[in-house]
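Structural description and commentary
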Amino acid sequence: MSSLALYRRYRPESFAEVIGQEHVTDPLQQALRNNRVNHAYLFSGPRGCGKTTSARILARCLNCEQGPTPTPCGECQSCRDLARNGPGSIDVIEIDAASHGGVDDARDLREKAFFGPASSRYKIYIIDEAHMVTSAGFNALLKVVEEPPEHLKFIFATTEPEKVIGTIRSRTHHYPFRLVPPGTLREYLGEVCGRENSHVEDGVLPLVVRAGAGSVRDSMSVMDQLLAGAGDDGVTYAMATSLLGYTDLSLLDSVVDAFAAGDGAAAFEVVDRVIEGGNDPRRFVADLLERLRDLVILAAVPDAAEKGLIDAPADVVERMQAQASVFGAAELSRAADLVNQGLTEMRGATSPRLQVELICARVLLPAAFDDERSLQTRLDRLERGASFAAAGAGPAMGYVPGPQAQTHAPVAVVPPGDGVAAARAAARGDAPEAVPPAAPAQPAQPAQYAAPAAPAAPAPAAPAPQPPPEAPAGGQRPGAWPAAAAPESGRRPGGWPTASAPGQAPAPVTPAAPAPAPAAPAPAPGAPQPSPGMTQGAAQVRNMWPDILEAVKNRRRFTWILLSQNAQVTGFDGATLQIGFLNAGARDNFASSGSEDVLKQALAEQFNMQWKIEAIVDPSGGAGQPPQTGGGRPSAPPAPQRPAAPAPQQYESRPAPAQHQQPGAALAAASAPQPQAAPEPPRPVAPEDDTPEADDPDLVDSALSGHDLIVRELGATVVEEFTNE
């Protein structure tokens, strides 16, 4: 095998073999076909892109015996002299301006230029690195370049065309060369390796193209170096990575996965492996920036590999697609910006490892920055569920977890008196569900809703077992929604103890010879009885009833007076608030006066609750509910039992809630934490508050008043009417 350099062995000999410069070669070939060749050309572009090679090909086309022609014959003496390994032609003179750019060299060239060619058609000067010619040298060449003899041609090649003086540039045809695209260069390198009969792994060619940076000569030199050191198995990826100094893909995958998971330990471990492995930290950061760039492209264009936007093997593209799907757009963009900024700051850094670790820390901690992209990054992490909130956080306040929730997790204690948060949790739809505690208890009989003085249903001869005084480990939390029990099934075995559940009284222990109990005031005929599910949620709403009344008062005093004097909360199931009125007249007045809408608006604006309102007639005034500490209505001492009275007497004297608890219930209630301060009882309405203003928009002229209201509501008869004079 020849020891000639690879880029010299495969140097193009015609314009058709030049790759990636069609924008230059095509016009030159057409000019040769049209026989309109200029006397001076200026080829500019990056190094290794084919400027000098194209100048030699143009000279070969001009001096071919069949020319000028775009396709040299390769048979004549001039073509053989200017071939790839030919001796060169005496009529084609190449001058390196880097060492021959002075005024004396320009004068010598001017004196020799007027002599005709020895054996060819044209005498051609190829001046390489033309930007190295001094201003005096260009000025010395100016006259001969402007008006050359018929047999003389000039071709200037330079990487910095702006350094060529304007008087020379204006007398030439300028053709700018460009870097070769990666795809084109990779295919060309594959063909060269095939001609060399060398096996190269798939991931090697992209590394070579990246190292060449679009320069054909540089890429061929790198490929020549790898082929020279290849073993029997050819050029492997590990060999190319270590020889070219690139970061291994496994390290890049690890650090990107650490960024996605927010794993600082894994990210700093990768940094340690990079430093301990002897890799260049700056090269690692540059490779990481390249990987983030690919991820940004893949996130925006999923088929970027097919469109040629990413130059990587298929397996690497597949891994990068999986990584891009984990990140958000703002998170990737922010990470790329931070890595790019860190790469700029690493120039001249005395501690490169520290710089790399700081870059990783900035990427991992978006909360440490208050800029827009950091906030968007935090939103991306929240949207994909990668926010690292505290594990084991309890459920919403006032929510009793069901069996499908954390069965063995400790129950968080709800702060006493926080009924507003509990009601809001119920409004969001957190339906209560009974959960069996650790120690199962015996089932109890279902408690029935009854008046305060009415005895419970007859219990069996054997007394029902009372729950132990101490609450079980998984007992009901203070302020939590009590578990709902089906009316026909009672508390199920292992259910939450409901000794103090609102609206339910445990089965009392019946003595052997019970004394006859006086009859309780019977409810109004046809009055609906609230279901157990409604009564159990009323306790929490009663705690916040004074706040609700205050909000209603700020909106409409008429509704406030109506609710504070004639209404009480009788039930709540999480979506419907049941309000009991003392009589049908108060209920109808509430429904027809628009007070229901006022109450709904007050609940929505002040407490962010969207509840349905159900108005019922409840002459007991909520007396069937056990007293609640800190509730909206104060508890009164137990009233003596009295015989049943007609309904009108109930309107005149409203019975107060009675304290009716069993011993076991008293113990459970005593063990529960009490609110810090009880709300004030409803204050009496001042006369000035009860008197409507003349411009009150809530004043209804069509409402009944005076004796008409008494006649309709109380069934009174006007016996005689006196006129006050």
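From a predicted model like this one, the values you see are computed outputs, not experimental measurements. What you see as residue numbers is a count from 1 along each chain, following the sequence as written. Local features in this predicted model are restricted to residues whose pLDDT is 70 or higher, and side-chain atom pairs enter the listing and the counts only when it is 80 or higher, whereas totals over whole chains, interfaces and linings include all residues. Side-chain numbers here rest on the full set of heavy atoms in the structure, without hydrogens or water.

Observations regarding the overall build of the protein
- Helix and strand assignments come from DSSP, with helices taken as H or I runs of at least 4 residues and strands as E runs of at least 2, each series counted from the N terminus. When you go through the protein residue by residue, the secondary structure sums to 29 helices and eight strands.
- Buried means the residue's accessible area, taken with a 1.4 Å probe over protein chains only, is under 20% of the maximum for its type, while exposed means over 50%, and partly exposed covers the values in between. By residue count, 40% of the 725 residues in the protein fall in the buried class.
- Residue pairs in contact within the protein that sit at least 24 positions apart in sequence constitute 76% of those at least 6 positions apart.
- Areas reported as accessible are Shrake-Rupley estimates using a 1.4 Å probe. Residue values count occlusion only from the protein chains shown. When the accessible area of the protein is evaluated, it comes to approximately 38300 Å², of which 52% is carbon and sulfur surface. We call two residues contacting when some pair of their heavy atoms lies within 4.5 Å.

A short note on the sheet that holds strand 1 (residues 40-44)
- Note on pairing: DSSP must find at least two bridges between two strands before they are called paired. The five strands are arranged 2-3-4-1-5 in an open sheet whose pairing can be described as parallel. Of all the strands in the sheet, just strand 2 (92-96) and strand 5 (173-176) have a single pairing partner and so form its edges. Across the sheet, the mean angle from the axis of one strand to that of its neighbour is 15°, orientation sign disregarded.
- The sheet contact formed by strand 1 and strand 5 spans four bridges and is parallel. Residue pairing for strand 5: Leu42 is matched across the bridge by His174. With axes taken as lines fitted to C-alpha atoms, and helix axes fitted only over the stretch in contact, angles between N-to-C directions fall between 0 and 180 degrees.

Points about the nonpolar core
- Definition of nonpolar core: a set of buried residues of the types Ala, Val, Leu, Ile, Met, Phe, Trp, Tyr and Cys, connected through side-chain atoms within 4.5 Å. With 65 residues, the main nonpolar core has Met223 and Phe259 as its most contacted residues.
- By residue number, the principal contributor to this core is helix 12 (residues 249-261), which donates eight residues.
- In terms of nonpolar packing, the next biggest core, distinct from the first, is built from 28 residues, Met544, Ala551, Val552 and Val598 among them.

Quick word on helix 3 (residues 51-63)
- In this scheme, a helix's expected span is set at 1.5 Å multiplied by one less than its residue total. With 13 residues, helix 3 should reach 18 Å at 1.5 Å per residue; the first-to-last C-alpha distance of 19 Å fits that figure.
- In terms of burial, helix 3 is a largely internal element, twelve of the 13 residues being buried.
- For helix 3, the secondary structure elements touched by its buried residues are helix 2 (22-34), strand 1, helix 4 (77-81), strand 2, strand 3 (123-128) and strand 4 (152-158).

Thoughts on helix 16 (residues 329-345)
- Spanning 17 residues, helix 16 covers 25 Å between terminal C-alpha atoms, matching the ideal 24 Å at 1.5 Å per step.
- All of the buried residues along helix 16 are Ala330, Glu331, Leu332, Arg334, Ala335, Ala336, Leu338, Val339, Gly342 and Leu343.

Section: the pairing of strand 2
- Sheet analysis places strand 2 next to strand 3, joined by five bridges and oriented parallel. Within the sheet, the bridge partner assigned to Ile93 lies in strand 3 and is Tyr125.
- Orient the strands so they point away from the viewer, and a crossover whose first-strand-to-second-strand path over the helix runs clockwise is right-handed. Taken together, strand 2, helix 5 (residues 103-113) and strand 3 form a β-α-β motif whose crossover is right-handed.

A look at the pairing of strand 4
- Most of strand 4 is tucked away, with seven of its seven residues classed as buried.
- Here strand 4 shows a buried face lined by Leu152, Phe154, Phe156 and Thr158 and a second buried face lined by Lys153, Ile155 and Ala157.
- In the sheet, strand 1 pairs with strand 4 via five bridges, with the strands oriented parallel. Along strand 4, the bridge assignment pairs Ser44 with Thr158.

A few points about the pattern of salt bridges
- When a carboxyl oxygen of Asp or Glu is within 4 Å of a side-chain nitrogen of Lys or Arg, the pair counts as a salt bridge. Scanning all chains against the criterion turns up 21 salt bridges.
- With its nearest N and O atoms 3.4 Å apart, the salt bridge here joins Glu146 to Arg171. Of this pair, Glu146 sits in helix 6 (residues 135-146) while Arg171 sits in the loop between helix 7 (166-169) and strand 5, placing them 25 residues apart in sequence.
- A residue is classified by how much of its surface remains accessible, and Glu146, at 34% relative accessible area, is partly exposed.
- The class of Arg171 is partly exposed, set by a relative accessible area of 24%.
- In the salt-bridge network here, residues are joined through shared partners; they are Asp272, Glu276, Arg353 and Glu357.

Some points on the packing of helix 13 (residues 264-276) against helix 17 (residues 352-364)
- The contact between helix 13 and helix 17 brings their axes to 10 Å, and the two run at 160°. As far as their axial angle goes, helix 17 and helix 13 are roughly antiparallel. Between helix 13 and helix 17 the crossing geometry is right-handed. In this structure, helix 13 contributes Gly264, Ala267, Phe268, Val271, Asp272, Ile275 and Glu276 to the contact, and helix 17 contributes Arg353, Val356, Glu357, Cys360, Ala361 and Leu364.
- Gly is put with the polar residues, along with every residue not named as nonpolar or charged; the nonpolar set is Ala, Val, Leu, Ile, Met, Phe, Trp, Tyr, Cys and Pro, and the charged set is Asp, Glu, Lys and Arg. A per-class count over the contact of helix 13 with helix 17 returns eight nonpolar, one polar and four charged. Put simply, angles under 35 degrees are roughly parallel, angles over 145 are roughly antiparallel, angles from 65 to 115 are roughly perpendicular, and the rest are oblique. With the far helix as reference, a near helix turned anticlockwise by less than a right angle produces a left-handed crossing, and one turned clockwise produces a right-handed crossing.

What to know about the packing of aromatic side chains
- A pair of aromatic rings is counted whenever rings of Phe, Tyr or Trp (Trp by its six-membered ring) have centres within 6.5 Å, and the orientation is called stacked for planes under 30 degrees apart, edge-to-face for over 60 and tilted otherwise. A complete count under the given rule lists eight aromatic pairs for this structure.
- With a centroid separation of 5.8 Å and an interplanar angle of 20°, the aromatic rings of Tyr125 and Phe154 are classed as stacked. Here Tyr125 is found in strand 3, whereas its partner Phe154 is found in strand 4, with 29 residues between them in sequence. Side by side, Tyr125 and Phe154 carry an identical accessibility label, which is buried.

Brief notes about the state of the cysteines
- What counts as a disulfide here is a pair of cysteine sulfur atoms lying within 2.5 Å. Following the criterion strictly, the structure yields zero disulfides and no others.
- Free cysteine Cys79: the closest other cysteine sulfur is in Cys76, separated by 3.2 Å.
- Accessibility expressed as a relative area gives 0% for Cys79, which makes it buried.

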